Each structure stands twice: as structure tokens, then as C-alpha cells.
Amino acid sequence: MLDKLTDSGESGASISNNIVKLAEIVMSSSSIVAFTGAGISTESGIPDYRGPGGVWERQAPPTIGDFLENEATRREFWAARRDRYAELLSKRPNQGHAALVALERSGRLSAVITQNIDGLHQAAGNSPDKVIELHGTTHLIQCADCGSEWSGKAIQERLDAGEDVPTCENCGGILRSGTILFGEPLPRVALDRALAAARTCDLMLVIGSSLIVNPAAQIPLLAKRAGARLAIINRLSTPLDGYADVHIVGEAGPTLADIAKGL
Ligand code: NAD
Ligand code: ZN
């Protein structure tokens, strides 16, 4: 009997063979870097960017110029953020995040490079110093003028109390999210750490990233060119699948949970 084919044409048998292969690669690696995108958090109920119901469909983020220049843009941003952040605070890490914590406890994980801004790797239990947030974090709010910082929750309280465009309590400047907006470069320190981790790992494990957003998508390629093995887990195909030593078309959480069982 033929195995059921997935959308990409892979059979169930070849997927489980690939999980066994990935588990073997994990067990023979000692410096693993996980590279995660929005796909690791969809099973926590946080939609990815471009998929159906994704953030992109609901409200495309503003450019940095538009945000800093226009109070109307900031008013719209904070109104949307008030709802979105309240929702985010109710989300919990899933079995995929937990598997990366198990990988860290096994001593094999050197870093998690993430495009996510949701803080779920740290919430799951990965050490904050191992998590490199390429696009920043939504749990931090900064003054664009003097650099003062507040927690997301502190600003949420001000929004809930009726402020529509909160400003800096120290200098009156513009407050902004700790996530990068369109038109901004990646944070230098995070990018440098990510590049160093990619150059020195022996396995680059890409999970739930469409790998179409640059320069972040170049990081797995850098690791591969520096000699690491490359594994990709995604429910769809990605532009880097042809470079992967193992490529699993499937759901991130159950796949990672299977891998973690062998640790
Ligand atoms: P993306 O939305 O472009 O891609 C997500 C990828 O994950 C897709 O390729 C999709 O096929 C795959 N996917 C979704 N659910 C999956 C699952 N359960 N198992 C396996 N694969 C799954 O996201 P991106 O590539 O991470 O880049 C978009 C940007 O959007 C990011 O830079 C990030 O800043 C931002 N974003 C972050 C969050 C978050 O923090 N959770 C959520 C949405 C968007
Ligand atoms: Zn300030």
C-alpha cells in the first residue's frame, strides 16, 4: 500500500526515516544552534506572519520613519498593541519550545537564534543568555530619544489606564517597542552573536522559518558553508531545502518532541 503523500510529495515512511536521521545527527553533535521562526510558536496559538490570519493580514507593521514622524501612526500602533499584547501574555510555550530546553539541559545546545519577538524560549526555560533575539523583543519598551526602558507590562498598564500615545516619563520622548520596525537594521550585538554562533556550530537546526527574510535567512547558509550540518523542519518547503542534510516536512512541536525523547 502506498504511504499517504504530504503536500510536498513526501511519504509518511520517509518522514519518520528523516526523524530517525535527525535524531542521530543531534546525538552526534555537541554544539547545536537552533534557528527559530514564527512556525515554532503557531502551536502556542500565535499566528505566523504571512499565513492565513497572520499578523501581516491584520496589521502590517509601520516603517520606522512613519512611526517616528507621525503621531497618528503611533496612536494606531498603540491601540493595536494594547489588544495584541494582552493576547500574547496569555500564550504559553509548547512542546517544541520544551524540546529545545531539553536540548540545552543535555549540554548540546550552544544558542537559540530566533526571529520571534514573543519571549517563549525564555518562558519555556532556555537560559536568557543562550537566546539571541534578531528582531528584538516585544516585552521591552524603549524611549527613542533617551534610551530609558520599561517592561511591556508597565506600559500595558498605562495603555489600560487610558493613555493613547504613551511618552517617556524621563524626557517626554517617543516610546517604541523593543522590536525592529521596517526600515531598521538588525540589532548589531544580536547579529554579531548570531554570526559567531553560526560559524562555530556543528549543527544548524532551522525550525518554522520561511527563510525568506534577509539577512536572517543567510545565517543558516553561513553555518553550512562553515562546515555545520543543516537540518530544516517546516510544514512547507523553504528556499534552503536543497542545502539541508535532513529536511523534515511536518509540524515543529511533535517532531521536536520525538527528537527530544532520545536525549
Ligand atoms: P514566517 O511567518 O514568514 O514563516 C513561518 C514559517 O513557519 C512558514 O514557513 C510556515 O510554513 C512555518 N510553520 C508555521 N507553523 C508551523 C509549524 N507548526 N510547524 C512547522 N512549520 C510551521 O515567519 P518568519 O520566517 O519567522 O519571519 C517573519 C517575521 O515575523 C519574523 O521575523 C518575526 O519577527 C515576526 N513574527 C514573530 C512572531 C512571534 O514572535 N511568534 C509571530 C509572527 C511574526
Ligand atoms: Zn526618554
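Bear in mind that the values here come from a model prediction, so they are computed numbers and not experimental data.

Colleague: Honestly, the coordination of the zinc ion (ligand 2) in this entry has me stumped. Any pointers?
Modeller: When four donors bind a metal tetrahedrally, each ideal donor-metal-donor angle is 109.5 degrees, and when six bind octahedrally, the ideal angles are 90 or 180 degrees. Within the protein, the atoms that donate to the zinc ion (ligand 2) are C143 (SG), C146 (SG), C168 (SG) and C171 (SG), at distances of 2.2 to 2.4 Å. Relative to the metal, the 4 donor atoms surrounding the zinc ion (ligand 2) lie at angles of 101 to 115°, and the coordination shape comes out tetrahedral. Counting along the primary sequence, the residues that act as donors to the zinc ion (ligand 2) give the motif C-x2-C-x21-C-x2-C. Taken together, the positions of C146 in the loop between β4 (136-143) and β5 (149-151) and C168 in the loop between α7 (152-160) and β6 (175-179) put the pair 22 residues apart, joining distant regions of the chain.

Colleague: What am I meant to see in the sheet that holds strand β2 (residues 109-114) here?
Modeller: Where strands meet in a sheet, backbone hydrogen bonds hold them as pairs that are either parallel or antiparallel. With respect to topology, 6 strands assemble into an open sheet ordered β3-β2-β1-β7-β8-β9, the strand pairing being parallel. Lying at the two open borders of the sheet, with one neighbouring strand each, are β3 (131-133) and β9 (246-249). Strand-to-strand twist of the sheet, defined as the mean angle between neighbouring strand axes without regard to direction, takes the value 15°. Here strand β8 (residues 229-234) pairs with β9 via 4 bridges, running parallel. Counterpart to N234 in the pairing with β9 is V249. Packed onto the sheet, helix α9 (residues 218-225) meets β1 (32-36), β2, β7 (203-207) and β8 and runs at close to 155° relative to β7.

The rules we used
- Residues numbered from 1 in each chain as written.
- Chains lettered and ligands numbered in written order.
- Predicted model: local features only at pLDDT ≥ 70, side-chain atom pairs only at ≥ 80, totals over all residues.
- Heavy atoms only, no water.
- Donors = N, O, S within 2.8 Å, 3.2 Å for Na, K, Ca; no water.
- Tetrahedral: all angles 85-135°; square planar, octahedral: opposite > 155°, others 65-115°.
- Helix = DSSP H or I, 4+ residues; strand = E, 2+ residues; numbered from the N terminus.
- Pairing = 2+ DSSP bridges.
- Axes fitted to C-alpha atoms, helices over the stretch in contact; angles between N-to-C directions.
- Contact = heavy atoms within 4.5 Å.

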